[in-house]
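# Summary of structural features
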Amino acid sequence: MKIIGVGFPRTGTVTLYEALNQLGLGPCYHTKEMIKKPDHIEHWVQVYEGGPIDPHTIFAGYQATADAPGCFFWRELIREYPEAKVILSIRDAQTWYRSMSDTVLRQDLLDKSADPVLAGLRRLALAMFDHVFDNRRDEAHLTAVFNRHNAEVQREVPADRLLVYEVTQGWAPLCEFIGVDSPVTPFPWLNNTAEYVDKAEKHRRSLVRGPVFPGQASGH
């Protein structure tokens, strides 16, 4: 593991995921990877419920991780991979909450699905809210948890190992931190709120033809 992304979902993590892949630091582990590996869902549900993490099995073959569930167990991961660099993706707390409200908090995008992967992701989301957010959804509590997380990461991770990063900054700070040249290709701006909702709703409509869900992605 070379890169550990510790930013919360909806802080540009899909964009970061794609950027790391383009920089040759892939494959990058992200919530969307569980669409391809649904057996991982049960492992992470058990971790949320207090079970042990098995990082060398879960992350086998991956060079980086971003988004949930890994970001919520960042202390364990930075101890397990002491040579890995750490990226904290951030954004304004109120803007982050609005993005969460329009995407991850929208239970109608996952509820009562006959698709087993979507059902597993819903179970994972519920376990996440119970573990991370004390099973609450209100803005005051979620933004407090968000701000506390960001402060703790910056306090506990050595500065020379940490990049505090907004995806709006593009390639330059990311590439400088990793130690690679910036690509000539445009920076990948992915998975804004409208895209997230559109993907989820298209999948729900497609269930009559068979599941083709593109990812319960959490990003910018």
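The residue numbers shown here count from 1 along each chain, following its written sequence. Note on the predicted model: pLDDT of at least 70 is required for a residue's local features to be given, and 80 or more for side-chain atom pairs to be given and counted; whole-chain, interface and lining totals, by contrast, use all residues. The side-chain numbers reported here are obtained from all heavy atoms of the structure, hydrogens and water having been left aside.

## Topic: the overall build of the protein chain
- Helix and strand content of the protein chain: 10 helices and five strands.
- Only protein chains enter the calculation, and the probe is 1.4 Å; a residue is then buried if its accessible area is under 20% of its type maximum, exposed if over 50%, and partly exposed in between. For the protein chain, the residues scored as buried account for 53% of the 220 residues in total.
- Note on areas: Shrake-Rupley, 1.4 Å probe, and residue coverage restricted to the protein chains presented here. When the accessible surface of the protein chain is split by element, carbon and sulfur atoms take 51% of a total near 9900 Å². For the purposes of this entry, the term helix denotes a DSSP run of H or I that reaches at least four residues, the term strand denotes a run of E that reaches at least two, and both are numbered from the N terminus.

## A few points about the layout of surface pockets
- Definitions used for this entry: grid spacing 1 Å over protein atoms alone; cavity, a set of points where a 1.4 Å probe fits but cannot get out; pocket, an open set with protein on both sides within 12 Å along at least 5 of 7 lines; lining residue, one with an atom within 4 Å of a point. Grid points are joined across faces, edges and corners, and a volume is the space filled by probe spheres set on the points. Roughly 260 Å³ of volume is contained in the largest pocket.
- Considering the residues around the largest pocket, the lining is formed by 14 residues, among which Phe72, Arg75, Val132, His149 and Glu152 are closest to the centre.
- For the lining of the largest pocket, the secondary structure elements donating two or more residues are helix H5 (74-80), helix H7 (116-132) and helix H8 (139-156).
- No other element matches H8, which puts four residues into the lining of the largest pocket.
- Side-chain classes are defined by residue name, with Ala, Val, Leu, Ile, Met, Phe, Trp, Tyr, Cys and Pro counting as nonpolar, Asp, Glu, Lys and Arg as charged, and the others, Gly among them, as polar. Per-class residue counts for the lining of the largest pocket are seven nonpolar, two polar and five charged.

## Some thoughts on unusual backbone geometry
- Residues Gly26 and Pro27 are joined by a peptide bond in cis, for which omega reads 0°.
- Residue position: Pro27 is located in the loop between helix H1 (13-22) and strand S2 (28-29).
- Here Ala68 and Pro69 are connected by a cis peptide whose omega angle stands at 0°.
- On the secondary structure map, Pro69 appears in the loop between strand S3 (64-65) and H5.
- The phi torsion at Asp67 lies on the positive side, around 75°, for a residue other than glycine.
- Its location among the elements puts Asp67 in the loop between S3 and H5.

## Details of the environment of Leu16
- Turning to its location among the elements, Leu16 is positioned in helix H1.
- According to the relative accessible area criterion, Leu16 is buried, its value standing at 1%.
- Spatially, the C-alpha atom of Leu16 lies 8.3 Å from that of Ser89, the residues being 73 residues apart in sequence.
- Beyond its immediate chain neighbours, meaning those up to four positions away, Leu16 contacts Ala66, Ile87, Tyr165 and Leu174. The contact criterion used is simple: two residues touch if any of their non-hydrogen atoms lie within 4.5 Å.

## A closer look at the nonpolar core
- The set of buried Ala, Val, Leu, Ile, Met, Phe, Trp, Tyr and Cys residues whose side-chain atoms join them within 4.5 Å is what this entry labels a nonpolar core. Formed by 44 residues in total, the largest nonpolar core has its most connected members in Phe8, Trp44, Tyr48, Phe72 and Phe133.
- Among the elements of the structure, helix H3 (39-48), H5, strand S4 (85-89), helix H6 (93-102), H7 and H8 are those that each provide at least two residues to this core.
- Considering each element in turn, this core owes the most residues, seven residues, to H7.
- With near-sequence residues (within four places) excluded, Phe72 lies in contact with Phe8, Pro9, Tyr48, Met128 and Val132.
- In this structure, Ile3, Ala19, Cys28 and Cys175 belong to the second largest nonpolar core, which totals 20 residues.

## Here we look at helix H9 (residues 171-178)
- Residues of H9 that are buried include every one of Trp171, Leu174, Cys175, Phe177 and Ile178, and no others. Within H9, the buried residues cover an arc of 160° as seen down the axis, which keeps them to one side. By construction, the arc corresponds to the directions joining the helix axis to the C-beta atoms.

## Topic: the packing of H1 against H9
- In this analysis, axes come from line fits to C-alpha atoms, helices being fitted only over the stretch in contact, and the angle between any two N-to-C directions falls in the range 0 to 180 degrees. Between H1 and H9, the shortest axis-to-axis distance is 12 Å and the interhelical angle comes to 55°. By the angle class used here, H1 and H9 are oblique. The interaxial crossing formed by H1 with H9 has right-handed handedness. Note on element contacts: H9 touches H1 through Trp171, Leu174 and Ile178, opposite Leu16, Ala19, Leu20 and Gln22.
- The residue makeup of the contact of H1 with H9, split by class, is six nonpolar, one polar and no charged. Each angle gets one of four labels, with under 35 degrees taken as roughly parallel, over 145 as roughly antiparallel, 65 to 115 as roughly perpendicular, and the rest as oblique. In this scheme, a crossing is called left-handed if the near helix is turned counterclockwise away from the far one by less than a right angle; it is called right-handed if the turn is clockwise.

## Quick word on the packing of H3 against H7
- As a packed pair, H3 and H7 sit with axes 9 Å apart at the nearest point and diverge in direction by 15°. What the angle tells us is that H3 and H7 run roughly parallel. In the crossing of H3 with H7, the sense of the turn from one axis to the other is left-handed. Along the contact surface, H3 presents Ile41, Glu42, Trp44, Val45 and Tyr48, while H7 presents Val117, Gly120, Leu121, Arg123, Leu124, Ala127, Met128, His131 and Val132.
- When the residues that make up the contact of H3 with H7 are grouped by side-chain class, the tally is 10 nonpolar, two polar and two charged.

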